[in-house]
Amino acid sequence: KTYWLSICPHLHIGDERFQKEHCVRLKSSKLDVHTRRLDEEGYTRVDDADWTPKSVRNGGLAKAVRQLEEHGWPPTFLLMFDEAWAVIENFSDIMSRMSGGNRLNFDILVWRIDPNKDQAGFSPHRDRQPENVYQSFRGGKSGKGAKYTTMWLALTDANEENSCLYMIP
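Residues numbered from 1 in each chain as written. Predicted model: local features only at pLDDT ≥ 70, side-chain atom pairs only at ≥ 80, totals over all residues. Heavy atoms only, no water.

Colleague: Honestly, the overall build of the protein chain in this entry has me stumped. Any pointers?
Modeller: Tallying secondary structure elements over the protein chain gives six helices and zero strands in all. Its helices and strands in sequence order give the protein chain the pattern α-α-α-α-α-α, from N to C terminus. The buried share of the protein chain, reckoned over its 169 residues, is 31%. Pairs at least 24 apart in sequence give 62% of the contacts found in the protein chain among residues at least 6 apart. Surface accessibility of the protein chain: about 11,400 Å² in total, with carbon and sulfur atoms responsible for 50%. (Helix = DSSP H or I, 4+ residues; strand = E, 2+ residues; numbered from the N terminus. Buried < 20%, exposed > 50% of the residue type's maximum accessible area, 1.4 Å probe, protein only. Contact = heavy atoms within 4.5 Å. Areas by Shrake-Rupley, 256 points an atom, 1.4 Å probe, with all protein chains shown as cover.)

Colleague: How do you make sense of a nonpolar patch on the surface when you look at a structure like this?
Modeller: Together, Leu-109, Trp-111, Ile-113 and Phe-122 line one region of the surface with nonpolar side chains, adding up to about 420 Å² of accessible area. The topology assignment puts Trp-111 in the segment after α6 (82-99). (Patch = residues over 30% accessible without salt bridge, like charges linked within 9 Å, V, L, I, M, F, W, Y side chains within 5 Å. Salt bridge = Lys/Arg side-chain N within 4 Å of Asp/Glu carboxyl O.)

Colleague: Teacher, can you tell me more about the pattern of salt bridges here?
Modeller: Between side chains of opposite charge, pairing is possible as soon as their charged atoms come close. All told, the structure shown has one salt bridge when counted by the stated rule. The closest approach of N and O atoms between Glu-69 and Arg-112, which form a salt bridge, is 2.9 Å. With Glu-69 in helix α5 (residues 60-70) and Arg-112 in the segment after α6, this pair connects stretches of sequence that are 43 residues apart. With a relative accessible area of 32%, Arg-112 lands in the partly exposed category.

Colleague: It is not clear to me how the environment of Trp-4 should be interpreted in this structure. Could you clarify?
Modeller: Tracing the backbone through its elements, the reader meets Trp-4 in helix α1 (residues 2-7). For the pair Trp-4 and Leu-68, spaced 64 residues apart in sequence, the C-alpha separation works out to 8.8 Å.

Colleague: For this particular structure, what's the right way to read the confidence of the model for the protein chain?
Modeller: A low pLDDT score tells you not to read the predicted coordinates there in detail. Averaged over all residues, the pLDDT of the protein chain is 80; the fraction at 70 or higher stands at 80%. Within the protein chain, helix α4 (residues 54-57) has the poorest average pLDDT of any element, 63, and α1 the best, 97. (pLDDT = per-residue confidence, 0-100.)

Shown next as structure tokens:
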């Protein structure tokens, strides 16, 4: 624990007080809007101010990713810290309620895409794409109610020009 906190002293590990203070829930009225968008468009964008701990909004996780890499650790080691799990816990609840019950499966990864090193995101794909596409929806051919829902969180400012993700309704 001491080693990891020496790399990222602004974060927490196993801090029960932090964990209790940073559990945030999305308001029901906003949840309804996002649920409708997810059903109609296949995606939604949730404003981070609605659900993220302040330590995430101020760039603490992005800073930690850089610090981990500087010490030779892959970005996914961010999952060592309570701040990452606060985001995961908060969004797990939101995703379950928006998606009709999809649960967290712990398929969690962290990437750092550095355009200064000619890095880029992924080619177009759909996560968990089965051979029979219709089997991936509760509503079959209607396309309603995806059985698998992915959440993507940008830890730095992201837009259409610098992002590694595009959504197709």
